[in-house]
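Survey of secondary and tertiary structure
Each chain is listed here by its residues.
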Amino acid sequence: MQVELYGVLREAAGSDRVETPLTQPVPIEQVLQALVETYPDLAPHLPRVACAVGDTMRSRQATIAPDETLVLLPPVSGG
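Because the structure is predicted, anything quoted here is derived from the model rather than measured. (Residues numbered from 1 in each chain as written. Predicted model: local features only at pLDDT ≥ 70, side-chain atom pairs only at ≥ 80, totals over all residues. Heavy atoms only, no water.)

A closer look at the pattern of salt bridges
Between side chains of opposite charge, a pair can form as their charged atoms come close. Taken as a whole and assessed by the stated rule, the structure comprises three salt bridges. Salt-bridge contacts for Glu29 lead to Arg60; the nearest nitrogen and oxygen are separated by 3.7 Å. Placement of Glu29 in helix α2 (residues 28-38) and of Arg60 in the loop between β5 (56-58) and β6 (63-64) is noted, with a sequence separation of 31 residues between them. (Salt bridge = Lys/Arg side-chain N within 4 Å of Asp/Glu carboxyl O. Helix = DSSP H or I, 4+ residues; strand = E, 2+ residues; numbered from the N terminus.)

Considerations on the environment of Glu29
For Glu29, a relative accessible area of 31% corresponds to the partly exposed category. On a C-alpha basis, the gap between Glu29 and Asp41 in space is 17 Å, while along the polypeptide they are twelve residues apart. (Buried < 20%, exposed > 50% of the residue type's maximum accessible area, 1.4 Å probe, protein only.)

Here we look at the environment of Arg48
Relative to the assigned elements, Arg48 resides in the loop between α2 and β4 (50-53). Placed 25 residues apart in sequence, Arg48 and Leu73 show a C-alpha to C-alpha distance of 8.8 Å. Within the structure, Arg48 has its side chain in polar contact with the backbone oxygen of Pro44 (distance 3.1 Å). (Polar contact = N/O pair within 3.5 Å; in protein donor to acceptor, adjacent residues only side chain to side chain.)

Concerning the pairing of strand β1 (residues 2-5)
Note: β1 against strand β2 (residues 17-19), three bridges, orientation antiparallel. Counterpart to Gln2 in the pairing with β2 is Glu19. The pairing of β1 with strand β7 (residues 69-73) spans four bridges and is classified as parallel. Paired with Val3 across the two strands is Leu70, which belongs to β7. (Pairing = 2+ DSSP bridges.)

Looking at the sheet that holds β1
Spatially, the five strands line up as an open sheet ordered β2-β1-β7-β4-β5, and their pairing is mixed. Looking at the sheet topology across the chains shown, the edges are occupied by β2 and β5. Averaged over all pairs of adjacent strands, the angle between their axes in this sheet comes to 35°, without regard to strand direction. The strands touched by α2 are β1, β2, β4, β5 and β7; relative to β7, the strand with the most contacts, the crossing angle is about 75°. (Axes fitted to C-alpha atoms, helices over the stretch in contact; angles between N-to-C directions. Contact = heavy atoms within 4.5 Å.)

Listed below in C-alpha coordinates is the structure:
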(Lines give C-alpha, C1' and ligand atoms only; values in the text may rest on other atoms or scores of the structure.)
Protein backbone atom coordinates (compact mmCIF):
# COMPACT_ATOMS: atom_id res chain seq x y z
CA MET A 1 0.00 0.00 0.00
CA GLN A 2 1.32 3.42 -0.96
CA VAL A 3 1.33 6.30 1.53
CA GLU A 4 2.01 9.90 0.48
CA LEU A 5 3.57 12.20 3.06
CA TYR A 6 3.72 15.99 3.19
CA GLY A 7 5.48 18.64 5.26
CA VAL A 8 7.03 17.50 8.52
CA LEU A 9 5.90 13.92 7.81
CA ARG A 10 8.08 13.83 4.69
CA GLU A 11 11.04 15.05 6.74
CA ALA A 12 10.43 12.47 9.49
CA ALA A 13 10.25 9.55 7.04
CA GLY A 14 12.96 10.83 4.70
CA SER A 15 10.69 10.44 1.66
CA ASP A 16 7.48 11.84 0.21
CA ARG A 17 6.13 8.36 -0.59
CA VAL A 18 6.50 5.13 1.38
CA GLU A 19 4.97 1.67 1.25
CA THR A 20 3.53 -0.58 3.90
CA PRO A 21 3.43 -4.38 3.66
CA LEU A 22 -0.34 -4.55 4.14
CA THR A 23 -2.02 -6.71 1.51
CA GLN A 24 -5.67 -6.75 2.56
CA PRO A 25 -8.26 -4.10 3.44
CA VAL A 26 -7.59 -2.72 6.92
CA PRO A 27 -8.62 0.28 9.04
CA ILE A 28 -6.47 3.35 8.40
CA GLU A 29 -5.43 3.23 12.07
CA GLN A 30 -3.69 -0.09 11.36
CA VAL A 31 -1.78 1.50 8.47
CA LEU A 32 -0.61 4.27 10.81
CA GLN A 33 0.59 1.70 13.34
CA ALA A 34 2.53 -0.16 10.63
CA LEU A 35 4.16 3.11 9.56
CA VAL A 36 5.40 3.80 13.10
CA GLU A 37 7.04 0.37 13.21
CA THR A 38 9.05 1.18 10.08
CA TYR A 39 9.39 4.96 10.55
CA PRO A 40 9.43 5.64 14.32
CA ASP A 41 10.10 9.36 13.80
CA LEU A 42 6.54 9.67 12.48
CA ALA A 43 5.03 8.68 15.84
CA PRO A 44 4.83 12.13 17.45
CA HIS A 45 3.14 13.60 14.38
CA LEU A 46 0.51 10.97 13.57
CA PRO A 47 -2.02 11.86 16.29
CA ARG A 48 -2.64 15.19 14.54
CA VAL A 49 -2.63 14.20 10.85
CA ALA A 50 -5.62 14.24 8.54
CA CYS A 51 -6.11 11.16 6.37
CA ALA A 52 -7.38 11.15 2.80
CA VAL A 53 -7.83 8.69 -0.03
CA GLY A 54 -8.05 10.45 -3.37
CA ASP A 55 -10.01 13.66 -2.81
CA THR A 56 -11.96 12.27 0.14
CA MET A 57 -11.08 12.74 3.79
CA ARG A 58 -11.36 9.50 5.77
CA SER A 59 -11.54 8.71 9.46
CA ARG A 60 -8.99 6.44 11.09
CA GLN A 61 -11.70 3.81 11.50
CA ALA A 62 -12.42 3.75 7.75
CA THR A 63 -11.14 0.77 5.79
CA ILE A 64 -8.58 1.23 3.04
CA ALA A 65 -7.79 -1.29 0.31
CA PRO A 66 -4.22 -2.27 -0.64
CA ASP A 67 -4.61 -0.76 -4.13
CA GLU A 68 -5.55 2.68 -2.74
CA THR A 69 -3.09 5.43 -1.80
CA LEU A 70 -3.36 6.91 1.68
CA VAL A 71 -2.45 10.59 1.89
CA LEU A 72 -1.34 11.94 5.28
CA LEU A 73 -1.67 15.68 5.79
CA PRO A 74 0.01 17.36 8.75
CA PRO A 75 -1.75 20.22 10.53
CA VAL A 76 -1.16 23.59 8.94
CA SER A 77 -0.25 26.62 10.99
CA GLY A 78 0.78 30.11 10.21
CA GLY A 79 -0.54 33.57 10.18
